[in-house]
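Now for the letters of each chain:
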Amino acid sequence: MILCCGEALIDMIETRRADGGSNFEAHAGGAVFNTAIALGRLRAPAGFLSGLSSDLFGGVLQQALADSHVDTSNSIISDRPTTLAFVRLTDGNATYTFYDEGTAGRMLDPEDLPDLSPDVTACYFGGISLISEPCADFYAALARREAETRVIMVDPNIRPTFIKDLERYRARLASILEVADIVKVSDEDLHWIVQGTDSIADKARALLEAGPRIVVLTRGSEGATAYFADGREAHATSRKVEVVDTVGAGDTFNAGLLASLAEQGVLGKEKLETLDPETVEKALAHGAVVAGVTVSRAGANPPWAHELPKSG
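Just so it is clear, the structure is predicted and the values come from calculations on it, not from any experiment.

Reading the values: rules and limits
All residue numbers here refer to positions counted from 1 along the written sequence of the relevant chain. Note on the predicted model: pLDDT of at least 70 is required for a residue's local features to be given, and 80 or more for side-chain atom pairs to be given and counted; whole-chain, interface and lining totals, by contrast, use all residues. The side-chain numbers reported here are obtained from all heavy atoms of the structure, hydrogens and water having been left aside. Comment: elements are numbered from the N terminus, with helices defined as DSSP H or I runs of at least four residues and strands as E runs of at least two. The globule rule is 2.2 Å times the number of residues to the power 0.38, and the radius of gyration it is compared with is taken over C-alpha atoms. Exposed residues in this analysis have more than 50% of their type's maximum accessible area, buried residues have under 20%, and partly exposed residues fall in between, with area computed by a 1.4 Å probe over protein chains only. Only heavy atoms matter for contacts: two residues are in contact if any of them lie within 4.5 Å across the pair. The Shrake-Rupley method, run with a 1.4 Å probe, gives the accessible areas here. Residue values count only the displayed protein chains as cover. When charges are counted, Lys and Arg are positive and Asp and Glu negative, with His and the chain ends excluded. Charge coordinates come from a single atom per side chain, which is NZ of Lys, CZ of Arg, CG of Asp or CD of Glu. To obtain each axis, a line is fitted to C-alpha atoms, and for helices this fit is confined to the stretch in contact; angles are then taken between N-to-C directions over 0 to 180 degrees. Crossing handedness is read from the near helix: turned anticlockwise from the far helix by less than a right angle, it gives a left-handed crossing, and turned clockwise, a right-handed one. Classification convention: Asp, Glu, Lys, Arg as charged; Ala, Val, Leu, Ile, Met, Phe, Trp, Tyr, Cys, Pro as nonpolar; all other residues, Gly among them, as polar. Note on terminology: disulfide denotes any pair of cysteine sulfur atoms within 2.5 Å. Two strands make a pair as long as DSSP finds a minimum of two bridges between them. Computed over the protein atoms alone on a 1 Å grid, cavities are sets of points where a 1.4 Å probe fits but cannot get out and pockets are open sets with protein on both sides within 12 Å along at least five of seven lines; a residue lines them when it has an atom within 4 Å of a point. Grid points are joined across faces, edges and corners, and a volume is the space filled by probe spheres set on the points.

Another point: the overall build of the protein chain. Helix and strand counts for the protein chain come out as eight helices and 15 strands. For a compact globule of 312 residues, the expected C-alpha radius of gyration is about 20 Å, and the protein chain comes in at 19 Å, within 12% of that figure. By residue count, 53% of the 312 residues in the protein chain fall in the buried class. A fraction of 69% describes how many contacts in the protein chain between residues 6 or more apart in sequence connect residues 24 or more apart. Per element, the accessible surface of the protein chain, about 14,400 Å² overall, is 49% carbon and sulfur. If you average the places of the 28 positive and of the 45 negative side-chain charges in the protein chain, the two averages end up 3 Å apart.

Let us now look at the packing of helix α7 (residues 249-263) against helix α8 (residues 277-295). In the contact formed by α7 and α8, the axes pass within 7 Å of each other and the chain directions differ by 140 degrees. α8 is crossed by α7, and the crossing has right-handed handedness. Facing Ala-249, Thr-252, Phe-253, Gly-256, Leu-257, Ser-260 and Leu-261 of α7, the residues of α8 in contact are Thr-279, Lys-282, Ala-283, Leu-284, His-286, Gly-287, Ala-288, Val-290, Ala-291, Thr-294 and Val-295. Counted by class, the contact of α7 with α8 contains 10 nonpolar, seven polar and one charged residues.

Per the stated rule, a full pass over the model turns up zero disulfides. The thiol of Cys-123 is unpaired, and the distance to the nearest cysteine sulfur, on Cys-5, comes to 4.6 Å.

Regular strands show a simple pattern: their side chains alternate between the two faces of the sheet. Two elements, strand β2 (residues 9-16) and strand β3 (residues 22-29), share eight bridges in a ladder whose sense is antiparallel. Note on β3: the bridge partner recorded for Met-12 is Ala-26. Hairpin geometry of β2 and β3 is characterised by an intervening segment of five residues between the two adjacent antiparallel strands and by a positive phi of about 95 degrees at Gly-20. Sheet analysis places β2 next to strand β8 (residues 84-90), joined by four bridges and oriented parallel. Counted as the bridge partner of Met-12 is Phe-86 from β8.

Moving on, we come to empty space enclosed by the protein. If a probe as big as a water molecule is rolled over the atoms, it shows which places are left empty. A full pass over the atoms with the stated rule returns three cavities of 30 Å³ or more. Its volume calculated, the largest cavity comes out at about 120 Å³. When grouped by side-chain class, the residues that make up the lining of the largest cavity number five nonpolar, seven polar and three charged. Of the pockets and cavities examined, the second largest cavity occupies roughly 50 Å³. Contributing to the lining of the second largest cavity are Ala-8, Gly-51, Leu-52, Ser-53, Leu-61, Pro-81, Thr-82, Thr-83, Ala-104 and Gly-105.

Shown next, in the form of structure tokens:
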């Protein structure tokens, strides 16, 4: 099982009424939640670990996961409220107002780490759950505890405006990257993490020195490149599609990558040591296909396996 560890929330998206007023429509979301949903729809063995509420919105999130065949037995259920994010779109630009204090997803403490089920072979981390405390420390502790026996993948998905204590966040992120096997970054993420004027390839190699075996760099229409610690590389181009919006593109790319590695039988701690560029290239290409479908339709709506375009 690939266990996605991180945030799930409800996006309350504003819609305008004919009389000039506003309504807010509830949509299940969250970066790590989106990856879990995408994995389940791709028929990969997927699980989700988060703090989920027993309230109305928590039920919406749990039902959405169940509908996409995602196991939630490792999640922590409480009567704390669900995180809400109210979203207003103005000329295509989104502004967010978060209601996250004391929520089920945020109030996870490192002292309460659960014992993972033995079928978990890989753990995926990312999103704003690595920023908000105390849950950020919970996930960092979980990654470090599980790194010895399970594959760890991280997508930092840097959101600078969310970071209140830059020094603490950088230290926490470094502690996670140190034990990660696979790190996926956008070019913006990479420039934020590795500062200076070096080329983007040199920055990727510098990030490898922090601990990961593989750094995957995504650059939108320019495709994705995987950099190996031994100097090898793998590359896959992006699919040309008509883009409706890019919400959830990176999250579903990650799902496609992980699903392909699992299907190829290499998503294991020991097997990563002998991973070759050809295998990773196939996984990158699959991630691009999955993301391509997602961006071709509105919202973070990952494709089901039967919706993927046929290869060849």
